[in-house]
Amino acid sequence: MGIKAKILKELQKKPRRLKELKAKLGNDKKVARAVDELVERNKVVCRKGVYAVPDPKTGNAVECTLVKLAGKFGFARPVQPDGQDIFIPGKYLMGAMPGDTLLVSLFEHPRVEGSSEGEVLAVVKENNRFTGTVETIEGRLALVPDACPHCPIYIKKSADGGARDGEKAAVEILERGDSHEDHRAGVAMRFGSAEEAKQCAKALLYGAGLSRHFPLKAKAEAKKYEGAAVGEKEAAGRRDYRGMPVFTIDSAETKDIDDAISLEKTDTGYRLGVHIADVSHYVRPGSALDAEAFARGTSVYYADSVIPMLPRQLSNGICSLNEGADRLAFSCMMELDAAGRVVDYAFVKSVIRSRVKGVYKEVNAIFDGTADNALRQRYAAVAQELPLMRELYHKLAKLRAARGAMDIESGEAKLVLDEAGRCVDVVKRERGEAEQMIEEFMLLANSSAAALARRLKLPFVYRVHEAPDPERIEKLKQTLTAAGVDFHFAGDTPTTLEFAKLLADTRGTNLERPVHTSVLRSMAKAKYEPQPKGHFGLALADYAHFTSPIRRYPDLAIHRILSDVCAGMDDGAVQKKYAQFAAEASVQSSEREVLAMTVERDVEDCYKAEYMRRFEGEEFDGVISSITQFGLYVELPNTVEGLVRAQALSENALTLTEGVALRDILSGREWRLGGVMRVRVAGVDVSQGNVDFVPAQEQ
């Protein structure tokens, strides 16, 4: 750590006189000179001989987190919500690294009007753990961090841990300098070749602090449920649905089954049961299991693996609604009219026994008439319920379309791995009738839970999706117009019906992915909040997550609250017990969800790159999915996306038009969003998850 950084670190603890700093740090002349320089640059203030770091509560100093670090600049995000990201030129970064908590001074006159620009006054809290690829740079071993590949961190010879060129590794910064090239690190963990996606995945998970291993206390609590079964004593006092044709439908590989369904016809319509694993019965407040579930917030799914929120004894055992096993459940029993509208609902503690472990692919085969006799026989126990469920699903789909719920194509992929863990195929994941049917049933239970909470004014964890920001909508309109998309929004903010029509009109066309992605980017991010604000995308006034307590903490949290309500706890006691809990669970769950989604996406990119490596030099047809000044992205039918750099398109300077077209003015050539393009795989970086394309020869 450089002398200036040491001075700032001491002054962050408390203001000090120069004599105190010299006593702490030694080297009188060097300390005095560094203090003078810090004062001159306004990074330290001096009042009556006492030196201090500027107070963020006064003046224009802002507490931030460094969220992006490029070669010559960075972006800092204010800790206070809704603050604009601050651009920091490289010479003012003071060696700050991604994840550092900073004190940033804003410039009065930023170079770009309306933007925020500033300099780092001090690093308040250091993030010293990074993962990346080990490389030899100018004869010295360094880590090229995943988070900031343009800012390598040099590794001390005495702390290289035997790391070699081309390995994925994790390092700890041991010494910080005043600039990035002065930092020195030691190797904390080696993972293996950066050319193997599974090793890159390990590094990314490690860097995010995600681990399959549970703390000893949580493991000890979970071990008590090893091979556990539900006895009659536990089932006593619960609604007994074991005689009802309850069953599950999931992916074939699913082991943590947390939702089951039942359906019967009534004189006025339907009685739909959504039966959810009663995880709150086993994971109690104050337990080590609960503390760890809260800390994790969600299970993380990647490739063919999972980092579970709960240990396997619960997630795959006593809490999983396995076929033929008695299980404790929290059931949402809904009365629907003949059109499929919910007219009443009740939440009850129950005991169930799933009759069939249904699989989406198999149920879809039954629905489309391609199932053979053996497959039909496997579903004989629910043969009457399946056609009835399909009938109800189609009614629910009509209601969903009528209210304008949006169905955005996300381009989700399924990765196929071989026995060695290498990616051997990438397939676009398709949602059949069975998947969509289960989704509709879960939506009903989730919205019923939220409606109950709002009606009773419960402290709760709602799933909130607010209306889009007007500025983002204006940008979306400009993009759609430039892309030649025919649309009509009656007001400043489109209604969900208008959005749904736009999505439907472009579905199945070359503009599907770019338009659906643009619509998604115009939206606010869905998050968890303790106040009901509705869900814009689903066009629902009330929404929460109730149906997946094995893998999501918000679901477990509201199960806990609703359990006490169902047990008769009075309103005052519920408020006192859960108001703070609901608020804390909302914030934590939102943060952990973002982390999980980021890691899942980054890991998937590594596996996709590993798969595409075998096709270097080969050509494919794709669709231009997005366009930037530095090039364009082409997406293949299997969802793999690669970059065609501007210099590969033309030797001339290219003009970017509204983010939808690149044009070579001299030659007249143009590349537009949604255009079909034949490309050749030019290069692959598994470690960074990047695929480079160039135009095919005939172009």
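Rules used throughout
- Residues numbered from 1 in each chain as written.
- Predicted model: local features only at pLDDT ≥ 70, side-chain atom pairs only at ≥ 80, totals over all residues.
- Heavy atoms only, no water.
- Core = buried A, V, L, I, M, F, W, Y, C linked by side-chain atoms within 4.5 Å.
- Buried < 20%, exposed > 50% of the residue type's maximum accessible area, 1.4 Å probe, protein only.
- Helix = DSSP H or I, 4+ residues; strand = E, 2+ residues; numbered from the N terminus.
- Contact = heavy atoms within 4.5 Å.
- Pairing = 2+ DSSP bridges.
- Axes fitted to C-alpha atoms, helices over the stretch in contact; angles between N-to-C directions.
- Phe/Tyr/Trp six-rings, centres within 6.5 Å; stacked < 30°, edge-to-face > 60°.
- Lys NZ or Arg CZ within 6 Å of the ring centre and 35° of its normal.
- Domains from an automatic or database assignment.
- Buried area = accessible area lost by both parts, 1.4 Å probe.
- UniProt positions renumbered as here; feature names shortened; annotations may be inferred.
- Parallel < 35°, antiparallel > 145°, perpendicular 65-115°, else oblique.
- Salt bridge = Lys/Arg side-chain N within 4 Å of Asp/Glu carboxyl O.
- Left-handed = near helix turned anticlockwise from the far one by under 90°.
- Nonpolar A, V, L, I, M, F, W, Y, C, P; charged D, E, K, R; others polar.

**Details of the nonpolar core**
Considering soluble globular proteins, one finds that nonpolar side chains tend to be buried as a cluster.
Reasoning step 1: Ranked by size, the top nonpolar core spans 91 residues in total, and within it Leu 314, Met 334, Tyr 379, Phe 441, Phe 460 and Phe 546 carry the most contacts.
Reasoning step 2: Among the elements that take part in this core, helix H12 (residues 433–456) stands out by supplying 11 residues, more than any other.
Reasoning step 3: Beyond its immediate stretch of four places on either side in the chain, Phe 441 contacts Ile 261, Leu 272, Val 274, Met 334, Met 389, Leu 392 and Leu 396.
Reasoning step 4: The next biggest cluster of nonpolar side chains, apart from the first, holds 61 residues, and it includes Met 406, Leu 415, Leu 476 and Ile 627.

**Side note on the pairing of strand E7 (residues 101–106)**
Reasoning step 1: Counting buried residues in E7 gives 5 out of 6 residues, a clear majority hidden from the surface.
Reasoning step 2: Pairing geometry for strand E4 (residues 61–69) and E7, over 5 bridges, is antiparallel. In the sheet register, Glu 63 faces E7, and the bridge partner there is Leu 103.
Reasoning step 3: In the sheet, E7 pairs with strand E8 (residues 116–125) via 6 bridges, with the strands oriented antiparallel. Counted as the bridge partner of Leu 106 is Gly 118 from E8.

**Side note on the sheet that holds strand E16 (residues 259–265)**
Reasoning step 1: Spatially, E14-E21-E20-E17-E16 is the arrangement adopted by the 5 strands of the open sheet, whose pairing is mixed. The sheet terminates laterally at strand E14 (239–240) and E16, the two strands that pair on one side only.
Reasoning step 2: Summarising the sheet, E14 and strand E21 (residues 342–353) pair through 2 bridges and their orientation is parallel. Bridge pairing links Arg 239 to Ser 350 in E21.
Reasoning step 3: Along the sheet, helix H11 (residues 385–403) makes contact with E16, strand E17 (269–277) and strand E20 (326–337), crossing E16 at roughly 90°.
Reasoning step 4: Packing of helix H16 (residues 553–566) onto the sheet brings it into contact with E17, E20 and E21, and relative to E20 it is tilted by some 75°.

**Comments concerning the side chain of Ser 626**
Reasoning step 1: Considering the arrangement of structural elements, one finds Ser 626 in strand E27 (residues 619–628).
Reasoning step 2: Of the residues examined, Ser 626 reaches a relative accessible area of 17% and is grouped as buried.
Reasoning step 3: Apart from the residues lying within four places of it in its own chain, the contact partners of Ser 626 are Leu 632, Tyr 633 and Leu 673.

**Structural notes on the packing of aromatic side chains**
Reasoning step 1: The full count for this structure, using the stated rule, is 19 aromatic pairs.
Reasoning step 2: Seen from their ring centres, Tyr 553 and Phe 581 are 6.3 Å apart, and the 70° between their planes marks the pair as edge-to-face. Highlighted residues: Tyr 553 in helix H16 and Phe 581 in helix H17 (residues 571–612), separated in sequence by 28 residues.
Reasoning step 3: Seen from their ring centres, Tyr 611 and Phe 615 are 5.1 Å apart, and the 70° between their planes marks the pair as edge-to-face. No difference in accessibility class separates Tyr 611 from Phe 615, as the two residues are buried.
Reasoning step 4: Three or more aromatic residues link up through ring pairs in this structure, and these residues are Phe 294, Tyr 553, Tyr 578 and Phe 581.
Reasoning step 5: Here the basic side chain of Lys 349 rests over the ring of Phe 330, its NZ or CZ set 5.0 Å away from the ring centre.
Reasoning step 6: Geometry around Tyr 528 places Arg 463 over its ring, the cationic atom sitting 4.6 Å from the centre.

**Comments concerning the domain arrangement of the chain**
Reasoning step 1: Entries for the chain in the domain assignment read domain 1 (3–52), domain 2 (61–125), domain 3 (129–194), domain 4 (216–221 + 229–466 + 528–601), domain 5 (470–523) and domain 6 (615–695).
Reasoning step 2: On a C-alpha basis, the centroid separation for the pair domain 1 and domain 2 is 22 Å.
Reasoning step 3: Each partner contributes residues to the interface: domain 1 has 5 residues there, and domain 2 has 9 residues.
Reasoning step 4: Regarding the contact of domain 1 and domain 2, the summed buried area is about 550 Å², with carbon and sulfur atoms giving 45% of it.
Reasoning step 5: Contact with domain 2 buries area across many residues of domain 1, yet Gln 12, Arg 41 and Lys 43 alone supply 75% of it, more than any other trio.

**Observations regarding the UniProt feature "domain: S1 motif" (unreviewed entry) in the chain**
Reasoning step 1: Here, the residues flagged by UniProt with the feature "domain: S1 motif" (unreviewed entry) are residues 617–696.
Reasoning step 2: Between the C-alpha atoms that bound residues 617–696 the distance is 10 Å, and the span itself is 5% helix and 56% strand.

**Details of helix H1 (residues 3–13)**
Reasoning step 1: Taken together, the buried positions of H1 are Ile 3, Lys 4, Ala 5, Ile 7, Leu 8, Glu 10 and Leu 11.
Reasoning step 2: Against strand E1 (16–17), helix H2 (18–25), helix H3 (28–40), strand E3 (50–52) and E8 lie the buried residues of H1.

**Observations concerning the sheet that holds strand E31 (residues 661–663)**
Reasoning step 1: Taken together, 3 strands build an open sheet; the order of strands is E30-E31-E32 and the sheet is antiparallel. Two strands in the sheet have a free side with no partner beyond their single neighbour: strand E30 (655–657) and strand E32 (670–672). Adjacent strand axes in the sheet meet at a mean angle of 15° when their direction is disregarded.
Reasoning step 2: As paired elements, E31 and E32 share 3 bridges and run antiparallel to each other. Within the sheet, the bridge partner assigned to Ala 661 lies in E32 and is Arg 672.

**A short note on the packing of helix H9 (residues 360–368) against H12**
Reasoning step 1: At a closest axis distance of 7 Å, the pairing of H9 and H12 adopts a crossing angle of 105°. By the angle class used here, H9 and H12 are roughly perpendicular. Together, Tyr 360, Val 363, Asn 364 and Phe 367 of H9 and Glu 433, Ala 434, Glu 435, Met 437 and Ile 438 of H12 make up the contact between the two elements.

**A look at the pairing of strand E5 (residues 73–78)**
Reasoning step 1: Burial of E5 is one-sided: the residues Gly 74, Ala 76 and Pro 78 facing one way are buried, the residues Phe 73, Phe 75 and Arg 77 facing the other way are not.
Reasoning step 2: With antiparallel pairing between neighbouring strands as the criterion, E4 and E5 make up a hairpin whose turn holds 3 residues.
Reasoning step 3: Note that E5 and strand E6 (residues 86–89) share 4 bridges and pair antiparallel. Residue pairing across strands places Gly 74 opposite Ile 88, the latter belonging to E6.

**Some details on the pattern of salt bridges**
Reasoning step 1: Counting across every chain of the model gives 48 salt bridges.
Reasoning step 2: With its nearest N and O atoms 2.6 Å apart, the salt bridge here joins Asp 326 to Arg 353. Of the two residues, Asp 326 sits in strand E20 while Arg 353 sits in strand E21, which places them 27 residues apart along the sequence.
Reasoning step 3: Here Asp 602 and Arg 601 are joined by a salt bridge, their closest N and O atoms 3.5 Å apart.
Reasoning step 4: By sharing partners, the salt bridges in this structure join Glu 232, Asp 240, Arg 242, Asp 326 and Arg 353 into a single network.

**Some details on unusual backbone geometry**
Reasoning step 1: A positive phi angle, near 55°, is found at Ala 539, a position not held by glycine.
Reasoning step 2: Inspection of the secondary structure puts Ala 539 in the loop between strand E26 (527–529) and H16.
Reasoning step 3: Classification of Ala 539 by relative accessible area gives partly exposed; the value is 24%.
Reasoning step 4: Its identity is not glycine, yet Thr 639 carries a phi of approximately 85°, on the positive side.
Reasoning step 5: Here Thr 639 falls in the buried class, since its relative accessible area comes to 4%.

**Comments concerning the packing of H11 against H12**
Reasoning step 1: Relative orientation of the contacting elements H11 and H12 amounts to 70°, with a least axis distance of 9 Å. Here H11 lies roughly perpendicular to H12, going by the angle between them. Classified by chirality, the crossing of H12 by H11 is left-handed. Of the residues in H12, those in contact with Met 389, Arg 390, Leu 392, Tyr 393, His 394, Leu 396 and Arg 400 of H11 are Glu 433, Gln 436, Met 437, Glu 439, Glu 440, Phe 441, Leu 443 and Leu 444.
Reasoning step 2: Looking at the contact of H11 with H12 residue by residue, the classes come out as 8 nonpolar, 2 polar and 5 charged.

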